[in-house]
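Listed below are the residues making up each chain.
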Amino acid sequence: MSAVLGAERPQVVSHVQQALSYTVFDCKWVPRSARLLCLGSAARGTGVLQLYELHGARLELLREIEKPKPIKCGTFGATSLQQRYLATGDFDGNLNIWNLEAPEIPVYSVKGHKEIINSIDGVGGLGIGEGAPEIVTGSRDGTVKVWDPRQNDTPVASMEPVQGESKRDCWTVAFGNAYNQEERVVCAGYDNGDIKLFDLKTMSLQWETNIKNGVCSVEFDRKDINMNKLVATSLEGKFHVFDMRTQHPTKGFASVSEKAQKSTIWQVRHLPQNRDIFMTSGGSGSLHLWKYEYPAQRSKKDSEGSEMGVAGSLSLLQNVTLSTQPISSLDWSPDKKGLCVCGSFDQTVRVLIVTKLNKI
């Protein structure tokens, strides 16, 4: 690992801080707006959905809605820019889709899992996606399910433990490889360190590995291109970057790993405007900004003549400690480069500005 030095180093500036009266589990920018959402759990065990608008150096609360069950995660990824519907997963295993203009009753609702939905991702929406608008959910019940909101209560795909295999808590899911109408993969990370890559075209397990510690977050650098890079973060302060362009028959994908800190790395999020830059959020209340550097050649032939990937290297661009509690959620603005929001267990949401990203 190398660190980027000098005057060109990006700075992470805390722009606005807003105290919350509940535990926040997820934060999301509303696409094409200066609005953001906070999702979480009130002290009495109900769900909270708050909509804020950024006005200069302050956040104005536009709407607060209480729901029967705590809300764990949300995504806009399967909706159009015109609708901007929010899909959420809750503590009771429900997948709901909300129209934020009339959020009292969901526009789609299904009892997706027997236990909490830990993670959700969407694809095929927001005007850039290929294929059907689909949502993937990962749950403590050990299953990963793909949903098409245009179809009723049945998932279009379900990845479950095989007969005799013990049920593992799925902590994180992400779509990738959605570069045309037919191709699509789902990556899932589990509490025992397993990472599994499911090919939805062939309905098969394409690849699996184990990183020895619970997998807290997985994300492709872009979900709407040929698989390029995948970052997986873990419970023990380490993250792994896999080069997904070349899969070796026995060794799988080349990877580079980095021990960022001693505590859990809760999330990874790639900068929408530059997929080689990403941010990780930590259990120590810190954020780390990274850049991936490609090797001179991304693949080489082994002694048998099979293509194998070559991992690149990582540079730490900046790190900052914002909170005494874990930063559990993080989202870049899709519209304003360098604008991001994070939520932490000190019951605070923070809007941040990361400078000089165009100079890297």
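Counting restarts for each chain, with residues numbered from 1 along the sequence as it is written. Per-residue local features are limited, in this predicted model, to residues with pLDDT of at least 70; the limit for side-chain atom pairs, both in listing and counting, is 80 or more; totals at the level of whole chains, interfaces and linings are taken over all residues. Excluding hydrogens and water, the side-chain figures rest on all heavy atoms present in the structure.

- The name an unreviewed UniProt entry assigns to the chain is Dynein axonemal assembly factor 10, from the organism Vidua chalybeata.
- Of the chain, the UniProt comment under Subcellular location (unreviewed entry) reads exactly: "Dynein axonemal particle".
- Heading Function (unreviewed entry) of the UniProt record for the chain holds this comment: "Key assembly factor specifically required for the stability of axonemal dynein heavy chains in cytoplasm." UniProt positions are given in the numbering used here, feature names are shortened, and annotations may be inferred rather than shown by experiment.

Quick word on the overall build of the chain
Logical step 1: Working definition: helices are DSSP H or I runs of at least four residues, strands are E runs of at least two. Numbering for both runs from the N terminus. Secondary structure summary: the chain contains 0 helices and 31 strands in total.
Logical step 2: Its C-alpha radius of gyration of 19 Å places the chain within 12% of the 21 Å reference for a compact globule of 360 residues.
Logical step 3: With the C-alpha coordinates of the chain rotated into their principal frame, the extents come out at 60 × 55 × 35 Å.
Logical step 4: Categorising residues by exposure relies on relative accessible area from a 1.4 Å probe, with only protein chains included: less than 20% of the type maximum marks a residue as buried, more than 50% marks it as exposed, and the intermediate range marks it as partly exposed. Of all 360 residues assigned to the chain, the portion counted as buried reaches 57%. With C-alpha atoms as the basis for the radius of gyration, the globule rule is written as 2.2 Å multiplied by the number of residues raised to the power 0.38.

Let's talk about the sheet that holds strand S10 (residues 108–111)
Logical step 1: Any two strands with at least two DSSP-identified bridges between them are counted as paired. An order of S7-S8-S9-S10 is seen for the 4 strands of this open sheet, with the pairing classed as antiparallel. On the outer flanks of this sheet lie strand S7 (71–75) and S10, each paired with one strand and no other. In this sheet, neighbouring strand axes are inclined to one another by 20° on average, regardless of whether the strands run parallel or antiparallel.
Logical step 2: Bridge count between strand S9 (residues 94–98) and S10: 4 bridges; the pairing is antiparallel. Note that in S10 the partner of asparagine 96 across the bridge is serine 109. Whenever a helix is involved, its axis is fitted only over the stretch in contact; in every case the axis is a line through C-alpha atoms, and angles between N-to-C directions fall within 0 to 180 degrees.

Things to note about the UniProt feature "repeat: WD" (unreviewed entry) in the chain
Logical step 1: Per the UniProt annotation, the sites labelled "repeat: WD" (unreviewed entry) are residues 135–157.
Logical step 2: End C-alpha to end C-alpha, residues 135–157 measures 10 Å, and it is 0% helix and 43% strand.

A closer look at the environment of isoleucine 211
Logical step 1: Note that isoleucine 211 resides in the loop between strand S18 (204–210) and strand S19 (215–220).
Logical step 2: Judged by its relative accessible area of 9%, isoleucine 211 is buried.
Logical step 3: Spatially, the C-alpha atoms of isoleucine 211 and glutamine 50 are 36 Å apart, while their sequence positions differ by 161 residues.
Logical step 4: For this analysis, residues touch if any pair of their heavy atoms sits within 4.5 Å. Beyond its immediate stretch of four places on either side in the chain, isoleucine 211 contacts Gly193, Ile195, Thr233, Ser234, His240 and Phe242.

Thoughts on the side chain of arginine 269
Logical step 1: Positionally, arginine 269 belongs in strand S23 (residues 265–271).
Logical step 2: Here arginine 269 falls in the buried class, since its relative accessible area comes to 15%.
Logical step 3: Separated by 3.5 Å, the side chains of arginine 269 and glutamine 267 make a polar contact. N or O atoms within 3.5 Å of each other form a polar contact, as long as, within protein, one can give a hydrogen and the other can take it, and as long as residues adjacent in sequence are counted only when both atoms are side-chain atoms.

Considering the pairing of strand S30 (residues 339–344)
Logical step 1: Counting buried positions along S30 gives 6 out of 6 residues, so the element sits mostly inside the fold.
Logical step 2: Of the two faces of S30, both are covered, the one formed by Leu339, Val341 and Gly343 as well as the one formed by Cys340, Cys342 and Ser344.
Logical step 3: As paired strands, strand S29 (residues 327–332) and S30 are joined by 5 bridges and run antiparallel to one another. In the sheet register, tryptophan 332 faces S30, and the bridge partner there is cysteine 340.
Logical step 4: Strand direction decides the pairing type here: S30 and strand S31 (residues 348–354), joined by 6 bridges, are antiparallel. Paired with glycine 343 across the strands is valine 349, a residue of S31.
Logical step 5: Here S30 folds back onto S31, and the loop between the two strands holds 3 residues, one of which, glutamine 347, carries a positive phi near 60°.

Observations regarding unusual backbone geometry
Logical step 1: You will see that glutamine 347, though not glycine, has its phi angle at about 60°, which is positive.
Logical step 2: Checked against the element boundaries, glutamine 347 lands in the loop between S30 and S31.
Logical step 3: Unusually for a residue other than glycine, lysine 356 sits at a positive phi of about 60°.
Logical step 4: When you line up the elements, lysine 356 lands in the segment after S31.
Logical step 5: Looking at lysine 356, the relative accessible area reads 31%, which means it is partly exposed.

Comments concerning a positive patch on the surface
Logical step 1: Together, Lys212, Lys238, Lys259 and Lys262 make up a positively charged patch on the protein surface.
Logical step 2: Tracing the chain through its elements places lysine 262 in the loop between strand S22 (255–259) and S23.
Logical step 3: Its relative accessible area of 79% is what places lysine 262 among the exposed residues. The patches described consist of residues with a relative accessible area above 30% and no salt bridge, like charges being joined within 9 Å and nonpolar side chains (Val, Leu, Ile, Met, Phe, Trp, Tyr) within 5 Å. Methods summary: accessible areas were calculated by the Shrake-Rupley approach with a probe of 1.4 Å, and residue burial reflects only the protein chains presented. Each reported salt bridge corresponds to a side-chain nitrogen of Lys or Arg within 4 Å of a carboxyl oxygen of Asp or Glu. Within this scheme the basic residues Lys and Arg register as positive and the acidic residues Asp and Glu register as negative, but His and the chain ends are omitted. Throughout, a charge is located at the NZ atom of Lys, the CZ atom of Arg, the CG atom of Asp or the CD atom of Glu.

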